[in-house]
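# Survey of secondary and tertiary structure
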Amino acid sequence: MNQEGVKCGKEQTNKEENRGNDGNETRPTSNQEKLENWLPITASRKAKWWYSTFHNVTAMVGAGVLGLPYAISQLGWIPGIAAIVVSWLVTFYTLWLLVEMHELVPGKRFDRYYELGEHVLGPKLGFWLVMPQQLTVQVASTIVYSVTGGKSLKKFFDIAVPAMSDIRQTYYILFFVCLQILLSQTPNFNKLKAVSLLAALMSVCYSMVAFGTSIARGLDHHPSHYGVRSRTAPGVTFDTFNALGTIAFAFAGHSVVLEIQATLPSTEERPSKMPMWRGVLAAYNIVIVCYLSVATSGFWAFGNSVEDDVLISLEQPSWLIAVANLMVFVHVLGSYQVFAMPVFDTIESNLVQKLNFTPSRFLRLWNRSLYVCLTGLVAMCIPFFGGLLGFFGGLAYSSTSYTIPCILWLAAKKPKRWSFHWIASWFSIFIGLLIAMLAPIGGIRTIILSAKSYKIFS
């Protein structure tokens, strides 16, 4: 009896020692758990379902929406709108697959895209299939957003303060980079919610401004020609390739969706996929409204002379266009961070685990600042918005948004042949591979054509 009493007393003491401040029982924290509690993706799991709504809107309705009228001008009315709608449906489906697979194994969460790949396909194949593609998407997004931020801010000052029109775009990109260095010190994804919410609001606002001003402009100056931009067969072909990449770029949120879901709490009774799916449904409805309104009104107003950024084409009313460009600038400040957080997570994880750095604010300061400076330098060297959308959209965005989710679903769930999920998955894979093969060709051609009249750091 005495031994049993001592044993019970020890168990009770251990339980009391392992209780946290909230009274819930905890267990000793391992080094890996300490690292997870410090890394930006997994440091906090207190997000609400509506946080995922504006995180997804911020990730989706970004620079890509402004390029959709240009994509329609390369494809034509019917093929252009059809491509946008099909892409929306396909990526809606593949996003559902990723949300469902976040907790593929009961009690385990795959907080990072590559972790899901490693579980389904093995540590080598899964890692190398997902990580390079995902990292390319995220790094490319931050480069494109640096270009977009600089161009939009320059457009704002060109309209609002004409005396500043001689200032080079490079300096505006540099200013954007300086602000990003400050924002990049946000500790974790969940702490970014206020910035992401503001960015999401700005994206909807400037989309509606682009829509309204395009309609007004079209009523006053209706273009006479709505054919495709190019006059030659090779030009039409290459433009088609670039347009596919531009549209793929517009549906880039898949590369961060598991990381967004990682910020949500999860229990056996209420797994994280339930609130996440509510957020995704709301976000995707906002996405299609913004995309179709901007794409159709922009092309209707300007025809095949529309710029690769529709706000650059718009001029009247000048004050409203200036405000819209400022909204774009504020939006891409947040969008940059949404795509950069998983990159910071990857870099910091490797620095701590492989190079034995100590987790600290100083580590965050220098490695995040260095990353922001490098992406800003690339943006200043090749600020070709339309070409970058097409090139990166085809190179990696199609894989992370169209192809990889379906490959993982087929390997993990093994749906019956000719069932809905089997057909839908293979159709999505086919679309993704088609874009991946063709779009980079068109994007490279667009960059080459733009580079002929460009001087570095101009």
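This one's a predicted model, so the numbers in the text were calculated from it and none came from an experiment.

## Describing helix α9 (residues 169–183)
Relative to the 21 Å expected for 15 residues at 1.5 Å per residue, α9 spans 21 Å between its end C-alpha atoms, a close match to the ideal helical length. Within the span of α9, buried status applies to Q169, T170, Y172, I173, F176, V177 and Q180. Relative to the axis of α9, the buried residues are bounded by an arc of 160 degrees and lie together on one face. On its buried side, α9 packs onto α8 (123–160), α15 (318–353) and α16 (361–381).

## Quick look at α15
The terminal C-alpha atoms of α15 lie 52 Å apart, and with 36 residues this matches the ideal 52 Å at 1.5 Å per residue to within 8%. Its axis deflected by about 35 degrees at A340, α15 carries its strongest bend there, up to four residues before the proline P342. Burial of α15 is extensive: 27 of the 36 residues sit out of reach of the surface.

## Remarks on the UniProt feature "transmembrane region" (unreviewed entry) in the protein chain
The feature "transmembrane region" (unreviewed entry), as annotated in UniProt, sits at residues 49–71, 77–99, 195–216, 236–258, 279–302, 322–344, 365–385 and 423–448 in this numbering. Note that residues 195–216 is 100% helix and 0% strand, and that its end C-alpha atoms are spaced 31 Å apart. With 100% helix and 0% strand, the stretch residues 279–302 has end C-alpha atoms that lie 35 Å from each other.

## Some points on the packing of aromatic side chains
Applying the stated criterion across every chain, the model contains 23 aromatic pairs. For the ring pair F92 and W277, a centre distance of 5.6 Å and an interplane angle of 15 degrees mean the geometry is stacked. On the criterion of sequence distance, the pair formed by F92 in helix α6 (residues 77–101) and W277 in helix α13 (residues 273–302) is long-range, its members being 185 residues apart. Residues Y145 and F339 carry aromatic rings whose centres are separated by 5.9 Å and whose planes lie at 50 degrees to one another, so their mutual orientation is tilted. Here the residue Y145 occupies a position in helix α8, and F339 occupies one in helix α15, the gap between them amounting to 194 residues. Accessibility classification places Y145 together with F339 in one group, the buried group. Among the aromatic residues, those joined into a cluster by ring pairs are W49, W50, Y51 and F54. Between R278 and the ring centre of W49, over which it is positioned, the NZ or CZ distance is 4.3 Å.

## Notes on the pattern of salt bridges
Here the structure, examined in full by the defined rule, presents eight salt bridges. We note a salt bridge from D158 to K154, for which the minimum N-O separation is 3.6 Å. Remark: K154 and D158 occur in helix α8; sequence separation between them is four residues, near one turn of the helix. A relative accessible area of 26% places D158 in the partly exposed class. On the basis of relative accessible area, K154 is assigned to the buried category, the value being 16%. R368 serves as the salt-bridge partner of E348, at 2.6 Å between the closest nitrogen and oxygen. With E348 in helix α15 and R368 in helix α16, this pair connects stretches of sequence that are 20 residues apart. The buried category is assigned to E348, whose relative accessible area is 0%. Of the residues examined, R368 reaches a relative accessible area of 0% and is grouped as buried.

## Describing the nonpolar core
Within the largest apolar cluster, 110 residues are counted, with the highest numbers of intra-cluster contacts made by V61, V65, L68, L116, I247, F251 and Y291. The biggest single contributor to this core is α15, with 14 residues. Contact partners of I247, with chain neighbours within four places excluded, come to L68, A71, L75, G80, A83, I84 and S87. Counting residues in each nonpolar core, the second largest holds six residues, with L35, W38, L39 and V352 among its members.

What counts, and where the lines are drawn
- Along each chain, residue indices are assigned from 1 in the same order as the chain's sequence is written.
- Given that this is a predicted model, residues contribute local features only at a pLDDT of at least 70 and side-chain atom pairs are listed and counted only at 80 or more, while totals for whole chains, interfaces and linings are drawn from all residues.
- With hydrogens and water stripped out, all remaining heavy atoms of the structure feed into the side-chain values.
- The helix and strand labels rest on DSSP assignments: H or I over at least four residues marks a helix, E over at least two residues marks a strand, and numbering proceeds from the N terminus.
- How far a helix is expected to stretch is found by multiplying one less than its residue total by 1.5 Å.
- Residue exposure (1.4 Å probe, protein chains only): buried if accessible area is under 20% of the type maximum, exposed if over 50%, otherwise partly exposed.
- To obtain the arc, one takes the directions from the helix axis to the C-beta atoms.
- Any two residues having at least one pair of non-hydrogen atoms within 4.5 Å are treated as being in contact.
- A residue's bend is the angle separating two fitted axes: one through the seven residues that end there, the other through the seven that start there.
- UniProt positions are given in the numbering used here, feature names are shortened, and annotations may be inferred rather than shown by experiment.
- For Phe, Tyr and Trp, where Trp contributes only its six-membered ring, two rings pair if their centres lie within 6.5 Å, and the inter-plane angle classes them as stacked under 30 degrees, edge-to-face over 60, or tilted in between.
- Lysine and arginine charges are scored as sitting over a ring when NZ or CZ, respectively, is within 6 Å of the ring centre and within 35 degrees of the ring normal.
- The salt bridge criterion pairs a side-chain nitrogen of Lys or Arg with a carboxyl oxygen of Asp or Glu, the two atoms within 4 Å.
- We define a nonpolar core as any set of buried Ala, Val, Leu, Ile, Met, Phe, Trp, Tyr and Cys residues linked to one another through side-chain atoms lying within 4.5 Å.

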